[in-house]
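Observations on chain architecture
Below are the chains, spelled out letter by letter.
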Amino acid sequence: THVVTENCINCKYTDCVEVCPVDCFHQGPNFLVIDAESCIDCTLCVAECPVNAIFPEDDVPAGQEKFLAINAELAPLWPVIDKKIPALPDAEAWDGVPDKLPLLER
Ligand code: F3S
């Protein structure tokens, strides 16, 4: 599977959902996750994310490993999103800000 990592938090551009052939993205208030049960590792979403937040599960950046469990935990709880919506208002300012995990809204 692929996983959404920390840099999506407070950005939530949603370009990723437009290319997913299996509708595996689920959305929360300020973050998206991928449903591992649905993801077919097509890799199409990786290049679409403007803030490079999506990685294959075996190539997640050091320090981001906890996002495997976070995607697994939240995908069953959040609704599917398959259409792009406007990014969060301060998305540009949040790109690359470190340690955003405490800001994740559930
Ligand atoms: Fe998040 Fe990037 Fe998708 S910011 S919503 S993973 S396009």
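Up top is the structure.
Let us look at the structure shown here. (Residues numbered from 1 in each chain as written. Predicted model: local features only at pLDDT ≥ 70, side-chain atom pairs only at ≥ 80, totals over all residues. Heavy atoms only, no water.)

1. Observations concerning the environment of Val97
Inspection of the secondary structure assignment puts Val97 in the segment after helix H4 (91–94). C-alpha of Val97 to C-alpha of Glu6: the two residues are 91 residues apart in sequence and 9.3 Å apart in space. (Helix = DSSP H or I, 4+ residues; strand = E, 2+ residues; numbered from the N terminus.)

2. Points about the pattern of salt bridges
Counted by the stated rule, this structure contains 3 salt bridges. Across the salt bridge formed by Glu73 and Arg106, the nearest N and O atoms sit 2.6 Å from each other. Of this pair, Glu73 sits in helix H3 (residues 66–74) while Arg106 sits in the segment after H4, placing them 33 residues apart in sequence. Overall, Glu73 belongs to the partly exposed group, its relative accessible area being 40%. Exposure remark for Arg106: the relative accessible area of 54% places this residue in the exposed category. When the shortest N-O distance is used, the salt bridge between Asp82 and Lys83 registers 4.0 Å. Given the relative accessible area of 32%, Asp82 is considered partly exposed. (Salt bridge = Lys/Arg side-chain N within 4 Å of Asp/Glu carboxyl O. Buried < 20%, exposed > 50% of the residue type's maximum accessible area, 1.4 Å probe, protein only.)

3. Section: the side chain of Asp35
Here Asp35 shows up in the loop between strand E3 (32–34) and helix H2 (44–48). We note that Asp35 is buried and unpaired, the nearest opposite charge coming from Arg106 at a distance of 15 Å. A polar contact of 3.0 Å, which involves the side chain of Asp35, links it to the backbone nitrogen of Glu37. Excluding residues that lie within four positions of it along the chain, Asp35 makes contacts with Thr1, Cys24, His26 and Ala75. (Lys, Arg positive; Asp, Glu negative; His and termini not counted. Polar contact = N/O pair within 3.5 Å; in protein donor to acceptor, adjacent residues only side chain to side chain. Contact = heavy atoms within 4.5 Å.)

On their own, these measurements won't tell you what the molecule is for.
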